[in-house]
Amino acid sequence: FGSSHLGPKASRALEKRRRHRRTTPLAMAKVAKKPARKTQEPVTRDYTVHLHKYLHKTQFKKRAPRAIRAIRRFAEKVMMTKDIRIDTKLNKFVWSNGIRNIPHRVRVRMSRKRNEDEEAKEKMFTLCQHVPVESFKGLQTENVRDD
């Protein structure tokens with residue numbers, strides 16, 4: 001932004017502050033250090049997806065499809081894979097009350113697995129399965145041991 005409307009003293013002070021901000025050692029350290037990309041391991045975790053907040057102000061006839069997309073987006077974010085596969089039981093649970101009345105929360109077991117297909121673009125994929133629970137109270141994300 002321009003500092004032409006300021007007086008010469010104020011614009012000099014503003015420029016000095018800008019220059020100072022650019023050359024702080026902390027800022028230089030942040031630029032220099034980049035974390036090494038970690039290789040993805042197969043892992044399984046149980047998550048609670050709060051669908052109600054993702055469907056806020058969504059028209060009725062688009063709620064169930066949008067809930068499925070929200071689960072996909074959530075899985076993509078936490079498991080860091082592009083290929084998300086939703087199990088039929090999870091899909092049935094989301095659609096169980098019809099297109100309009102989606103369950104407020106759903107417990108999902110997300111498993112990051114190696115892609116067996118040789119010509120697949122992605123090395124890993126995520127399988128999302130429904131975990132039936134009595135209550136969502138006090139549940140947290142849990143690592144599940146693969147057998």
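Before reading further, recall that the structure is shown in the block above.
Residues numbered from 1 in each chain as written. Predicted model: local features only at pLDDT ≥ 70, side-chain atom pairs only at ≥ 80, totals over all residues. Heavy atoms only, no water.

1. Looking at the packing of helix α4 (residues 63-79) against helix α5 (residues 88-95)
Then comes step 1: The interhelical angle for the contact between α4 and α5, taken along N-to-C directions, is 135 degrees, at an axis separation of 9 Å. The angle between the axes of α4 and α5 places the two elements in the oblique class. The interaxial crossing formed by α4 with α5 has right-handed handedness. For the pair formed by α4 and α5, the contact residues are A64, P65, A67, I68 and I71 on the first element and L90, N91, V94 and W95 on the second.
Then comes step 2: Among the residues forming the contact of α4 with α5, the class breakdown is 8 nonpolar, 1 polar and no charged. (Axes fitted to C-alpha atoms, helices over the stretch in contact; angles between N-to-C directions. Helix = DSSP H or I, 4+ residues; strand = E, 2+ residues; numbered from the N terminus. Parallel < 35°, antiparallel > 145°, perpendicular 65-115°, else oblique. Left-handed = near helix turned anticlockwise from the far one by under 90°. Contact = heavy atoms within 4.5 Å. Nonpolar A, V, L, I, M, F, W, Y, C, P; charged D, E, K, R; others polar.)

2. Quick word on the pairing of strand β4 (residues 124-130)
Then comes step 1: Counting buried residues along β4, 5 of its 7 residues qualify, which places the element largely inside the surrounding structure.
Then comes step 2: In this sheet, β4 lies alongside strand β2 (residues 83-86) in parallel orientation, the contact comprising 4 bridges. Pairing of I86 across the sheet is with C128, part of β4.
Then comes step 3: Note: strand β3 (residues 105-114) against β4, 7 bridges, orientation antiparallel. Each residue of the ladder has a partner; that of S111, found in β4, is L127. (Buried < 20%, exposed > 50% of the residue type's maximum accessible area, 1.4 Å probe, protein only. Pairing = 2+ DSSP bridges.)

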